[in-house]
Every structure is written in C-alpha cells, then in structure tokens.
Amino acid sequence: MNRQDGMRYAPQGKPNPVCEAGQFVFAAMALEHGHIYGMCNGLVEAGGTLKWVYDPDPAKVEAFVNTYPSVRPARSEAEILEDSEVKLVAAAAVPSERCALGLRAMDHGKDYFTDKTPFTTLEQLDSARQKVKRTGQKYMVYYSERLHVESAVYAGQLIEEGAIGRVIQVMGTGPHRLNAPSRPGWFFDREKYGGILCDIGSHQVEQFLHFAGCRDARVLHSKVANYANKRYPELEDFGDATLVGDNGATNYFRVDWFTPDGLGTWGDGRTIILGTEGYIELRKYIDIARSNTTDHVYMANHEGEYYIQTAGKVGFPFFGQLILDCLERTERAMTQQHAFKAAECALIAQAQAVRVE
C-alpha cells in the first residue's frame, strides 16, 4: 500500500447526516492503513465532526490534513483522549497494536472504531470483551467489504426482504493485489499482522455471519500457505476456511494476494449467497472483461433473473447508525457480540490452520 495514497481505500457516498453539526465529535489516530480515510469519510458523510488527528509520523498527518483541511493536528495521543468533547476515536493502527489503543480510548470514556482486523490474538479479544463490559463503551470494527460496499449492503436488504428465502450457504473470495514494494515493514511480520485468515479473512467471516443470520459458528477446517513469496518468509499469500453456523448455514471462503497485474482493480472480490428460494452473486469491484465499474448484483429466484448495478444508489447506512448508537447507546449498526464473534472465528481459523508447504 502506498500510505500517501489513502484515498483509494476510501469509498465516498452521498452526505446523509443523522445529527447536527458538532453533536457527534470524533478524532482520527494511528494512520497506518488507508482504511482510516474510508472510516472518516463515512462518519463525516453521516454528520460526524472530525476534530482531531494524531500520528507520530508528520508525513501521514500532513497527508490527512490535506484531505480534511478543518481537522486539527494533536500534539499527542493524550490531547485527544483527554478531550471530553470527543465521543469516538477512529484508528487504523498496526494490527497487533489496535486492541491496546482501543483499551486506552475506552478507559477515557470514548467509543472505539478500528480497522479490521481488530485483534491478532484471542487474549486481546478477551481483554476487549472485559473492557467493554466494565466501561460500557463500544469497540466497533470497520468490516469494509460489507459495510462500505453498496452491492453488499443491497444484498443484505434483499435477504431481509426474503428474496432468496433462508440463507443456507455463503461463499466468498477476497483476492488482493500484493504490491509488495509499497507495503510497510509490519505487513510482512507475522506477529504484527496476525496472519492472512486473521487479517483479510475477518471480512469474509463477518459477511457470512451477517448474511446467514448466525450468532455463532464453528471453524471446521482452515489452511494457509506462502506459495510465491518466499523472500517474505512470514507472509501468508493464500488462506481458506470452512465454517458452519449455529443455525446450520455453511461457509467457505478464500483470501489471497494473487491479483494479477492485468486486472483493472486491486481485487475481484465476490460473494455468492445461496438461499432456499434463490441465490445472489456479488461482483463487488469489477465485472471482469465486461465492465470496470463496481457493485454488480446478480440474482435468480422463483420469480426470475435479475441484474442490478447498485453503485451510487444504495448508500452506506452503517455510519449513521453507528453515530446514533454512540449517542443513544443502542445497537442499530452492529451488535458488539457480532463484531467480536467475527473476529473470534477468524482468530480460531488462523490458529488451527494447516500450513501447506
């Protein structure tokens, strides 16, 4: 990732404020991944007021201020955490450091919104669960491949309306372009990024739990490998897993770093959702060799065959719901149980993965 090119990770929607200006003040910290721009875009479009930014790297702060000119650079993390006006801290730290930052934010009475993966160990997850219980603060996660993708949002709406009946299987693919020279050092450090299933696999687990309506799931089998990047011995460039939900729905997903240079985007992410009365296929970021546009939804059910191009038509309701959740202490956007369960299943898949040599 080119860390100065964060905006390419930042979907933009139509402003749809759910609160008055200044009613929901938040801050950005730990600018290690470009997803911080998407997180902040979503909150600002929903009416949030971005007051502060902090990172120890002045270059990251300068790039961020160039994007959000009204934001104030903080002199330290403490300056943000001690500001009683700030209701939420949004952060995209090095993955292994995300939990510790969240615990500090919650100790200061702030809700916390972190990039995925939210944890790199089950011990971190346990500490966050205890902190949430003790403080009553929120530990929310930016599972962007569902929350900030209009085709995925629309698929969720179709499922809620019963368009394909009961969901019985979800299959997901999450290929990414490696672009190794632009990646920071921690990206290749297993202890810091957590492993491929823990990291980008968490998107896939979260989608399964949401689309299939599962509160829990078991990991049946998982694998990881480094097939083609031996110069980075701690990198995993391939991973897959099979899960079964507490309601009987099943899941298979594959994640990898093998997007070819000839593809017109960073990854051909797809999801296929099978129901008892039909199925949905999402071609999220490209319709290969047909269209370079995003958010293609294909559906077939008992009534017919359908194609819907959803870009710019659906919006991103998660962010407004999250703001209202923080203001009113509700759980419209995502339950805390769901956010933690998706992370837990990804961590378990990572921990028990068979390493393919």
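Quick summary incoming for the structure in this document. What you see is a predicted model; the values in this text were computed from it and never measured.

### Some words on helix α1 (residues 35–45)
Okay, so step 1: Where burial is concerned, most of α1 is hidden: ten out of the eleven residues are buried.
Okay, so step 2: What α1 keeps buried is the set His35, Ile36, Tyr37, Gly38, Met39, Cys40, Asn41, Gly42, Leu43 and Glu45.
Okay, so step 3: Within two residues after α1, Gly47 carries a phi angle of roughly 110°, on the positive side.

### Section: the layout of surface pockets
Okay, so step 1: Quantified by volume, the second largest pocket comes out at close to 310 Å³.
Okay, so step 2: Considering the residues around the second largest pocket, the lining is formed by 18 residues, among which Lys14, Asn16, Gly315, Phe316 and Pro317 are closest to the centre.
Okay, so step 3: Sorting the residues of the lining of the second largest pocket by element identifies α1 and α10 (317–328) as the ones contributing at least two each.
Okay, so step 4: Among the elements that line the lining of the second largest pocket, the one with the most residues is α10, at four residues.

### So, the pattern of salt bridges
Okay, so step 1: The full count for this structure, using the stated rule, is 25 salt bridges.
Okay, so step 2: For Arg283, the salt bridge identified is with Asp287, shortest N-O distance 2.8 Å.
Okay, so step 3: A relative accessible area of 18% means that Arg283 is categorised as buried.
Okay, so step 4: With a relative accessible area of 2%, Asp287 lands in the buried category.
Okay, so step 5: Shared partners join several salt bridges into a network, and the residues in it are Asp268, Arg270, Glu281, Arg283, Asp287 and Arg290.

### Details of a nonpolar patch on the surface
Okay, so step 1: A cluster of nonpolar residues, Ile168, Met171, Tyr252, Ile272, Leu274 and Tyr279, forms a patch on the protein surface that exposes about 460 Å² of accessible area.
Okay, so step 2: Counting residues per element, the ones that place at least two in the nonpolar patch are β7 (167–175) and β11 (270–275).
Okay, so step 3: Relative to the assigned elements, Tyr252 resides in strand β10 (residues 250–256).
Okay, so step 4: Taking the relative accessible area as the measure of exposure, Tyr252 reaches 30% and is therefore partly exposed.

### Remarks on unusual backbone geometry
Okay, so step 1: A cis geometry characterises the amide bond from Lys116 onward to Thr117, with omega recorded as -15°.
Okay, so step 2: As for its position among the elements, Thr117 is in the loop between β5 (111–115) and α5 (122–135).
Okay, so step 3: Even without being a glycine, Ala289 presents a positive backbone phi close to 65°.
Okay, so step 4: Classification of Ala289 by relative accessible area gives exposed; the value is 83%.
Okay, so step 5: For Arg329, which is not a glycine, the phi torsion comes out positive at approximately 60°.
Okay, so step 6: Residue classification places Arg329 among the partly exposed positions, given a relative accessible area of 41%.

### Remarks on the nonpolar core
Okay, so step 1: Within the largest apolar cluster, 111 residues are counted, with the highest numbers of intra-cluster contacts made by Ile36, Phe64, Phe113 and Ile280.
Okay, so step 2: For this core, the element with the most residues is helix α11 (residues 336–351), which contributes eight residues.
Okay, so step 3: With sequence-adjacent residues up to four places away left out, Phe113 is seen in contact with Met39, Leu43, Leu88, Val89, Ala90, Ala91, Met140, Val141, Tyr142, Phe318, Phe319 and Leu322.

### Overview of empty space enclosed by the protein
Okay, so step 1: A full pass over the atoms with the stated rule returns two cavities of 30 Å³ or more.
Okay, so step 2: The volume enclosed by the second largest cavity comes to roughly 40 Å³.
Okay, so step 3: Around the second largest cavity, the lining residues are Phe187, Tyr193, Ile196, Asp199, Ile200, Leu235 and Trp257.
Okay, so step 4: Across the lining of the second largest cavity, the residue classes break down as six nonpolar, no polar and one charged.

### Focus on the sheet that holds strand β4 (residues 86–92)
Okay, so step 1: Judged by pairing direction, the sheet is parallel, and its six strands sit side by side in the order β3-β2-β1-β4-β5-β6 without closing on themselves. For this open sheet the edge positions go to β3 (72–73) and β6 (139–142), each flanked by a neighbour on one side alone.
Okay, so step 2: Where strand β1 (residues 25–31) meets β4, six bridges bridge the pair, whose relative direction is parallel. In the sheet register, Ala27 faces β4, and the bridge partner there is Val89.
Okay, so step 3: Across the face of the sheet, helix α2 (residues 58–67) comes into contact with β1, β2 (49–54) and β3 while running at roughly 160° to β2.
Okay, so step 4: Across the face of the sheet, helix α4 (residues 98–107) comes into contact with β1, β4, β5 and β6 while running at roughly 165° to β5.

So, how was this worked out
Residues numbered from 1 in each chain as written. Predicted model: local features only at pLDDT ≥ 70, side-chain atom pairs only at ≥ 80, totals over all residues. Heavy atoms only, no water. Buried < 20%, exposed > 50% of the residue type's maximum accessible area, 1.4 Å probe, protein only. Helix = DSSP H or I, 4+ residues; strand = E, 2+ residues; numbered from the N terminus. 1 Å grid on protein atoms, 1.4 Å probe; cavity = no way out; pocket = protein on both sides within 12 Å on 5 of 7 lines; lining within 4 Å. Points joined across faces, edges and corners; volume = space filled by probe spheres on them. Salt bridge = Lys/Arg side-chain N within 4 Å of Asp/Glu carboxyl O. Patch = residues over 30% accessible without salt bridge, like charges linked within 9 Å, V, L, I, M, F, W, Y side chains within 5 Å. Areas by Shrake-Rupley, 256 points an atom, 1.4 Å probe, with all protein chains shown as cover. Core = buried A, V, L, I, M, F, W, Y, C linked by side-chain atoms within 4.5 Å. Contact = heavy atoms within 4.5 Å. Nonpolar A, V, L, I, M, F, W, Y, C, P; charged D, E, K, R; others polar. Pairing = 2+ DSSP bridges. Axes fitted to C-alpha atoms, helices over the stretch in contact; angles between N-to-C directions.

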